[in-house]
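Structural characterization, general
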Amino acid sequence: MTYPVSSDDNGLNIKPELMEKEKLYHYVFKNKVLLLFKDSQDFLNCYEIEEEDLVNQVKNSKNDDEVEKIFEEYIQRENLKN
């Protein structure tokens, strides 16, 4: 399956029709991490992360599971849960 997020000289390209609902996708673009997902109502959600430490960890990650673990640990460490 083709990854739904890519980039070229014109910027970021997102293909929501290729995205599974409620699945987190990530993409590193211009020293930022973009987190994207399509919710159960087919709304596209996008979050931009610029924190250098997190960006570097995501760049060095090997797979999607590792990326999710990076953010889970960050949320716990920074006490960001509701």
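As shown above, the structure is provided for reference.
Residues numbered from 1 in each chain as written. Predicted model: local features only at pLDDT ≥ 70, side-chain atom pairs only at ≥ 80, totals over all residues. Heavy atoms only, no water.

Counting 10 residues, the largest nonpolar core consists of Val33, Leu35, Ile49, Leu54, Val55, Val58, Val67, Ile70, Phe71 and Tyr74. When residues of this core are traced back to their parent elements, those giving at least two are β4 (32-38), α1 (52-59) and α2 (64-77). If you tally residues by element for this core, the top one is α2, at 4 residues. Counting residues in hydrophobic clusters, the runner-up holds 7 residues, among them Met19, Tyr25, Tyr27 and Phe29. (Core = buried A, V, L, I, M, F, W, Y, C linked by side-chain atoms within 4.5 Å. Buried < 20%, exposed > 50% of the residue type's maximum accessible area, 1.4 Å probe, protein only. Helix = DSSP H or I, 4+ residues; strand = E, 2+ residues; numbered from the N terminus.)

Interaxial distance between α1 and α2 falls to 9 Å at its minimum, and their mutual angle equals 155 degrees. If you check the angle between α1 and α2, you find them roughly antiparallel. At the point where α1 passes α2, the crossing takes the right-handed sense. Every residue of α2 that contacts α1 at Leu54, Gln57 and Val58 is listed here: Val67, Ile70, Phe71 and Tyr74. (Axes fitted to C-alpha atoms, helices over the stretch in contact; angles between N-to-C directions. Parallel < 35°, antiparallel > 145°, perpendicular 65-115°, else oblique. Left-handed = near helix turned anticlockwise from the far one by under 90°. Contact = heavy atoms within 4.5 Å.)

As enumerated under the stated definition, the model contains 1 aromatic pair in all. Aromatic pair Tyr3 and Tyr25: ring centres 5.6 Å apart, planes at 70 degrees, arrangement edge-to-face. With Tyr3 in the segment before β1 (5-8) and Tyr25 in strand β3 (residues 25-29), the pair connects residues that are 22 residues apart, well separated along the chain. On the basis of relative accessible area, Tyr25 is assigned to the buried category, the value being 3%. (Phe/Tyr/Trp six-rings, centres within 6.5 Å; stacked < 30°, edge-to-face > 60°.)

Looking now at the pairing of β1. Consecutive residues of a regular strand have side chains that alternate between opposite faces of the sheet. Both β1 and strand β2 (residues 11-14) contribute to a ladder of 4 bridges, which runs antiparallel. Bridge assignment links Ser6 to a residue of β2, and that residue is Asn13. The hairpin formed by β1 and β2 contains 2 residues between the paired strands. (Pairing = 2+ DSSP bridges.)

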